[in-house]
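# Fold and geometry: a report
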Amino acid sequence: MTGYTATVTVRLKHGVLDPEAETTQRALERLGFELEDLRSADRFEIDLEAADADEAGERAGEMADRLLANPTIHDYEVAVEERE
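Right, let's walk through the structure included here. (Residues numbered from 1 in each chain as written. Predicted model: local features only at pLDDT ≥ 70, side-chain atom pairs only at ≥ 80, totals over all residues. Heavy atoms only, no water.)

### Examining the sheet that holds strand 2 (residues 41-50)
Reading across the sheet, the three strands line up as 2-1-3 and stay open at both edges, with antiparallel pairing between neighbours. The open sheet has two edge strands with one neighbour each: strand 2 and strand 3 (74-82). Going across the sheet, the axis of each strand differs from the next one's by a mean of 20°, ignoring polarity. Here 10 bridges tie strand 1 (residues 2-12) to strand 2, and the two strands are oriented antiparallel to one another. Across the sheet, Thr2 pairs through a bridge with Ala50, a residue of strand 2. (Pairing = 2+ DSSP bridges. Helix = DSSP H or I, 4+ residues; strand = E, 2+ residues; numbered from the N terminus. Axes fitted to C-alpha atoms, helices over the stretch in contact; angles between N-to-C directions.)

### Brief notes about the pattern of salt bridges
In total, this model carries seven salt bridges according to the counting rule given. Here Glu55 ties to Arg59 by a salt bridge, and the two come within 3.7 Å at their closest N and O atoms. Linking Glu55 with Arg59, this pair stays in helix 2 (residues 53-68), spanning four residues, or about one helical turn. Note that Glu62 is salt-bridged to Arg66, the shortest N-O span being 3.2 Å. (Salt bridge = Lys/Arg side-chain N within 4 Å of Asp/Glu carboxyl O.)

### A short note on helix 2
If you check helix 2, its first and last C-alpha atoms are just 20 Å apart, much less than what 16 residues at 1.5 Å a residue would give, namely 22 Å. When we look at burial in helix 2, the residues that qualify are Ala56, Gly57, Ala60, Gly61 and Ala64. Looking straight down helix 2, one finds that the buried residues subtend no more than 135° of arc, so they occupy a single side. In helix 2, the exposed positions angled more than 90 degrees off the buried face are occupied by Glu58, Arg66 and Leu67. The secondary structure elements touched by the buried residues of helix 2 are strand 1, strand 2 and strand 3. Structurally, the start of helix 2 carries an N-cap: the backbone nitrogen of Asp54 is 3.2 Å from a side-chain oxygen of Asp52. (Expected span 1.5 Å × (residues − 1). Buried < 20%, exposed > 50% of the residue type's maximum accessible area, 1.4 Å probe, protein only. Arc of directions from axis to C-beta. Contact = heavy atoms within 4.5 Å. Polar contact = N/O pair within 3.5 Å; in protein donor to acceptor, adjacent residues only side chain to side chain.)

### Looking at the nonpolar core
Membership of the largest hydrophobic core is limited to 11 residues, which are Tyr4, Ala6, Val8, Val10, Ile46, Leu48, Ala50, Ala56, Ala60, Ala64 and Ala69. Of all elements in the fold, only strand 1, strand 2 and helix 2 reach the threshold of two or more residues within this core. Among the elements that make up this core, the one with the highest residue count is strand 1 (four residues). Apart from residues no more than four positions distant in its own chain, Ala50 is found in contact with Met1, Thr2, Tyr4, Glu55, Ala56 and Arg59. (Core = buried A, V, L, I, M, F, W, Y, C linked by side-chain atoms within 4.5 Å.)

Listed below in structure tokens is the structure:
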């Protein structure tokens, strides 16, 4: 088994209201920053042992499906890196 870090990034789907991002965007604009859009996201870093990177990604994806993300309102991405 090899050690991996799976990073799961969970975002609200386009069209779902994101009040945290809206508030932050307005504050940034008041500070003089110009931006088209802003979305908030949650990031989870999961250290796990797996036979290979594909297995680590599948397990992290299952964690996202079952707990970390609500498929009705969230999209998520999984990235896997081998730990040194």
